[in-house]
Amino acid sequence: MPTFQRNPLNTNPIHRVLRKHPSLFGIPFILLMVGASYGLQTFTQTRYDLHDQKVKAVNQEEELGLKKSKRKIDIREEYFRLSSQADEDWENVRVPRPAGLPEWGVPPTEPPSSSS
């Protein structure tokens, strides 16, 4: 026989009912969560609508700014302009090879030193 009794002497009838049927506590809680979700839906929708209005206003301002500086582009004209720039200002200069580095395909003349 345990030292203390499992059930107290004076039990509240509400506690007895909740022990027998725990869903009586869970169902109102779930209903509260679902109801709160639908209740807050209007507030969250208002938040997203205001954010969309700000984004649209910025896009319209950017669009107006882009249309002012826009010019027609001809692909042939751009090709010839870029190819003429490439031909004018360049010179083929060989970069000196670092000391001790062989030419491509030629093995080194001296074996690597193994100092430990």
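A brief look at the structure comes next. Note that the coordinates shown come from a computational prediction; the quantities given were computed from them, not determined experimentally.

### Topic: the overall build of the protein
For the protein, the count of helices and strands is 3 helices and 0 strands. The secondary structure elements of the protein, listed N-terminal to C-terminal, are α-α-α. Counting only residues that meet the buried cut, the protein has 1% of its 116 residues in that class. Of the roughly 12500 Å² of accessible surface on the protein, 61% is carried by carbon and sulfur atoms.

### A look at the side chain of Glu78
Mapping Glu78 onto the fold places it in helix α3 (residues 75–88). Once residues lying within four places of it in the same chain are set aside, the contact partners of Glu78 are Arg71 and Ile73.

### Considerations on the packing of aromatic side chains
Summed over the entire model, instances satisfying the criterion amount to 1 aromatic pair. Ring centres of Tyr79 and Phe80 lie 5.4 Å apart, and the angle between their planes is 65 degrees; on these two criteria the pair is classed as edge-to-face. Given a relative accessible area of 56%, Tyr79 falls into the exposed group. The class of Phe80 is exposed, set by a relative accessible area of 54%.

### A few points about a nonpolar patch on the surface
On the surface, Phe29, Ile30, Leu32, Met33, Val34 and Tyr38 cluster together to form a nonpolar patch covering roughly 660 Å² of accessible area. The residue Phe29 is located in helix α2 (residues 23–68) in this model. Residue classification places Phe29 among the partly exposed positions, given a relative accessible area of 48%.

Rules behind the numbers
- Residues numbered from 1 in each chain as written.
- Predicted model: local features only at pLDDT ≥ 70, side-chain atom pairs only at ≥ 80, totals over all residues.
- Heavy atoms only, no water.
- Helix = DSSP H or I, 4+ residues; strand = E, 2+ residues; numbered from the N terminus.
- Buried < 20%, exposed > 50% of the residue type's maximum accessible area, 1.4 Å probe, protein only.
- Areas by Shrake-Rupley, 256 points an atom, 1.4 Å probe, with all protein chains shown as cover.
- Contact = heavy atoms within 4.5 Å.
- Phe/Tyr/Trp six-rings, centres within 6.5 Å; stacked < 30°, edge-to-face > 60°.
- Patch = residues over 30% accessible without salt bridge, like charges linked within 9 Å, V, L, I, M, F, W, Y side chains within 5 Å.
- Salt bridge = Lys/Arg side-chain N within 4 Å of Asp/Glu carboxyl O.

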